[in-house]
Structure formats: C-alpha cells, structure tokens
Amino acid sequence: MIKVIKYPDRKEWQELIKRPVFENASLEKTVKKILDKVKDKGDKAIRKYTKEFDGVKLKKLTVSEKEIKAAENLLSQELKDAIQQAKLNIEKFHLSQIEEIKVIETMPGINCWRRSVSIEKVGIYIPGGSAPLFSTVLMLAIPAVIAGCKEIILCTPPSKDGSINPAILYAANLCGVSKIFKIGGVQAIAAMAYGTESIPKMFKIFGPGNQYVTAAKQLIQKEGVAIDLPAGPSEVLVIADEMAVPGFVAADLLSQAEHGADSQVILLTTSEEVARKVQLFIKEQLNGLPRKEIVEKALASSKVVLLRSIDEAIDLSNLYAPEHLILSCENAEELTDKVISAGSVFIGNYSPESVGDYASGTNHTLPTNGHAAMYSGVSVDSFVKKITFQQLTKEGLTNIGNTVMQMAEAEGLDAHKNAVAIRLKE
C-alpha cells in the first residue's frame, strides 16, 4: 500500500518529490526506428506496424462516413447526452479565452498590437485499448475549432476487427474533426509529423499516450514539429486537514491511480487520523475496482506525507508541481492565491478531479512530471500563434528615431541605424 512519511524535514523534500525514473535509451532507439521507417515508406510502413502491434490488417486507413454514422447508433442516448453536456461546458469555458485585439499607442504616432492567428494544421492522438479516451477528443478538438484551425485530424488505434471505439468517433464527429485515421502508437505520431500518401503532415500534434508515444512526440519535436506539452504519467496531489472527508480523498487517489501502473498519487495532510482513515477507505474501495491490479502498482510508488501545517503542505505541493491539485481543507478557496505550480486545482470537498477530467469545462490536458512549474495546460492559446504588429506615422518615427539610431550604433549595426536615418532625411 501507500508509504507513510511522518513530518519530514525540509531538507528531505527534494528526495520526496522525485518521480519514478524509467530507462529510456533503448526505448528511444526503438521509437526512432519506427519514425524513420514511416518517414521513408509512408503508408506501407503504417500498415506493417498496424498488423504487428494492433493485430489487424487494414485496407483503408481512413474512417469512412458510414462508420461514423454507424457509431452514433452504437451508443446509449444517456452517453450521447453526457458527451453533449460536456461539450457545451468545455465550449463555454474555452470561448471565454478568445482575446480582443488591443491597439496600444506607446508614443505619439506609434501604434502596436497583437493578433491571435490559428495554427492551420493540427493533429490529435487518442489512445484506444482498455481506456479509450473519448473525453480527450472533446478537450482537444473543441479549442482547436474555437481557435479556427482549418484542418484537424485524429489518429487512434483500431481494435482487432479494424473498428474504432464508437464513443471516439461520435465525439470527433460532434466536435468537427476533419478526418479520422485508424492508426495508433508511434506510427501515428510519425504519420502526422511527416505525412504519408493517406495522412497529411500536421504543424502541431496533441494528445496523450504511453511511453512510446511520449518518446515519439519528444523526438519529432527536435525535427521542428510542435507538440502540446511535455507529458509523463498522470498524477494527483491532495492536501487535506481534519475537515477533509477521508472516503472522498481515498476515492480521488484511486481515480488517478487507475490511469496506469506508472501514475503517482500523493496525500499531504496535517491529520494523522485522516491519514489513517484514508488508507482504510483505499483498501475498502479498491476491492470493487475492475482495474485493481493497475491501481495497486500505482499505489506502490505513491506517498502519504504528514506535515505540521497547511502552509507547509502548500510549499511542498508547489515544489512538486502536480498535474492535479485537490484542496480538501478548511477555507480551501483562501489558499488558492498561494498555489503557484499546478496544472489544475480542485477546491473543497465537493470538487473531485474526475469532474475536471470530463465535464466541468476546464481542459484536462495538463503538464505532468513537474512541468507545471513552467508550463500551462492546453487552452485555446495552444492552437494559435501570436503575431505582433506596429504602425508608425512620420511623426512617430521622428519621436523614436534618435533612440533607435543611438542603440543601433552602440551595437555596431550601422545598416539598422541607416534604415531610420534615411527616412528622417526626407
């Protein structure tokens, strides 16, 4: 079960926040081989790897309109209603992120402004298998559409019979994805990065995946293809005091642990009684989980840390920079100003992390592995470039001209100086 650490000295904190480290030299070698093969052989390599890794021989890589329409009939009306409700909430929150253009006059005759321009071609990767993440389709396709991306494609691995999970197809079609392809793993990332006969080359690639997919994204980034953000195993950190509900906390920890054996869950608490009860509830709730074996492996590398104050817990959390942070304590809202490193924050006993995963409206594609200290989660901004503009009148150039010429001369860039001087002579 979870390891308990009591009242560690601050000198020990750096050791406490270490994530599990996995050997990746041989992993990168394997991934690079697949990337290079797809880059060289295109669709032929895609089909080879799809047969090898997914156990299916495909004639067509593209999902047909017939398959998309059929998927809708395979879902219950209750699930379709849930997906539609989540879509509305996510749209509402992300529409609020659109920025108005503000023209700023920095000096008389000098106007500067910035405009958001969509990234034209974006690719979305959605894992399949035992946990087909159709919710991630909503989280990525909706802000892409709001940003105005002209081409949005989606790749996801096929089942043994060549089909795609119907919820993934339904969500993709509902959100306005341009094309869907039956491709998984490293080969999907390669296809979107380089382009093949069937799959167009994309400018930026989004989406979660296993360690192979993550390594592929990191490698194609070195070749000039943008990715959403650095990714690693999923994680949650809960800060709890005596006002927390132990059963709720246990449920939150388990919900994150079921993502994968490499997920990490951490409880920071000022109450030994809460720590004890949370562990009892974990044992009780664990028995009813279908993914029990996965959860147990995740719990083996997780921690309960007892601290002397909530301020200490906030400090340790900021050092750890969790993907998800849950504040299960008294006056939780007042603590939010002290949070400086977290992907997404859940405030109070009735804000479970799973609501943010699916339907509250915020995005669940978040920085992991400590990257929340310097990266934001996915938003509309992730799908746009910011272009700056400036316009000067003759008066404006006269006002600023000497400043620019002095600076250019001091840097030894006489042509820069002359570009201003020649205009001021007219």
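This report concerns the structure included in the present document. (Residues numbered from 1 in each chain as written. Predicted model: local features only at pLDDT ≥ 70, side-chain atom pairs only at ≥ 80, totals over all residues. Heavy atoms only, no water.)

**Considering the pairing of strand β6 (residues 179-182)**
So, step 1. Pairing of strand β5 (residues 151-156) with β6 involves 4 bridges; the strand directions are parallel. The residue bridging I153 from the neighbouring strand is K179, located in β6.
So, step 2. A crossover connection joins β5 to the parallel β6 through helix α7 (residues 166-175); in handedness this β-α-β unit is right-handed. (Pairing = 2+ DSSP bridges. Helix = DSSP H or I, 4+ residues; strand = E, 2+ residues; numbered from the N terminus. Right-handed = clockwise from strand over helix to strand, strands pointing away.)

**Here's the deal with a positive patch on the surface**
So, step 1. Together, K29, K33, K37, K41 and K44 make up a region of like positive charge exposed at the surface.
So, step 2. Along the polypeptide, K37 turns up in helix α2 (residues 25-41). (Patch = residues over 30% accessible without salt bridge, like charges linked within 9 Å, V, L, I, M, F, W, Y side chains within 5 Å. Areas by Shrake-Rupley, 256 points an atom, 1.4 Å probe, with all protein chains shown as cover. Salt bridge = Lys/Arg side-chain N within 4 Å of Asp/Glu carboxyl O. Lys, Arg positive; Asp, Glu negative; His and termini not counted. Charge placed at Lys NZ, Arg CZ, Asp CG, Glu CD.)

**Topic: α7**
So, step 1. Counting buried residues along α7, 7 of its 10 residues qualify, which places the element largely inside the surrounding structure.
So, step 2. Along α7, the positions that sit buried rather than exposed are A167, I168, L169, Y170, A171, A172 and C175.
So, step 3. Contacts made by the buried residues of α7 are with α4 (65-73), α5 (77-95), α6 (134-147), β5 and β6.
So, step 4. Its side-chain oxygen at 2.9 Å from the backbone nitrogen of A167, N165 defines the N-terminal cap of α7.
So, step 5. Once α7 ends, the next one or two residues include G176, with phi positive near 90°. (Buried < 20%, exposed > 50% of the residue type's maximum accessible area, 1.4 Å probe, protein only. Contact = heavy atoms within 4.5 Å. Polar contact = N/O pair within 3.5 Å; in protein donor to acceptor, adjacent residues only side chain to side chain.)

**Quick word on the packing of α2 against helix α9 (residues 211-221)**
So, step 1. In contact at an axis separation of 9 Å, α2 and α9 are set at 70° when each is read in the N-to-C sense. Relative to α9, the element α2 is oriented roughly perpendicular. Handedness of the crossing formed by α2 with α9: right-handed. For the pair α2 and α9, the contacting residues are L27, E28, T30, V31, K32 and L35 in the first and Q211, Y212, A215, A216, L219 and I220 in the second.
So, step 2. Of the residues that constitute the contact of α2 with α9, the class distribution is 8 nonpolar, 2 polar and 2 charged. (Axes fitted to C-alpha atoms, helices over the stretch in contact; angles between N-to-C directions. Parallel < 35°, antiparallel > 145°, perpendicular 65-115°, else oblique. Left-handed = near helix turned anticlockwise from the far one by under 90°. Nonpolar A, V, L, I, M, F, W, Y, C, P; charged D, E, K, R; others polar.)

**Considerations on the side chain of S271**
So, step 1. Counting through the fold element by element, S271 comes out in the loop between β10 (264-269) and α11 (272-286).
So, step 2. Overall, S271 belongs to the buried group, its relative accessible area being 10%.
So, step 3. Residues contacting S271, with those up to four places away along its chain left out, are D241, E242 and L306.

**Description of the pattern of salt bridges**
So, step 1. Applying the stated criterion across every chain yields a total of 20 salt bridges.
So, step 2. Among the salt bridges present, the one from K18 reaches E15, with a minimum N-O distance of 3.1 Å.
So, step 3. Judged by relative accessible area, K18 falls into the partly exposed class, the value being 48%.
So, step 4. Using a relative accessible area of 53% as the deciding quantity, one classes E15 as exposed.
So, step 5. Notably, a salt bridge pairs D381 with K386, separated by 3.2 Å at the nearest N-O pair.
So, step 6. The class of K386 is partly exposed, set by a relative accessible area of 29%.
So, step 7. Three or more residues joined by partner-sharing salt bridges are found here, namely E99, R114, D381 and K386.

**Some points on the environment of A373**
So, step 1. Counting through the fold element by element, A373 comes out in the loop between α15 (353-358) and β14 (384-392).
So, step 2. Sequence separation between A373 and N318 is 55 residues; the distance between their C-alpha atoms is 7.7 Å.

**A word on the sheet that holds strand β2 (residues 104-107)**
So, step 1. If you walk across this open sheet you meet the 3 strands as β2-β3-β14, and the pairing is antiparallel. Of all the strands in the sheet, the pair left with one neighbour each is β2 and β14. The average undirected angle you get between the axes of adjacent strands in this sheet is 30°.
So, step 2. By the bridge criterion, 9 bridges tie strand β3 (residues 110-118) to β14 in an arrangement that is antiparallel. Residue pairing for β14: W113 is matched across the bridge by F389.

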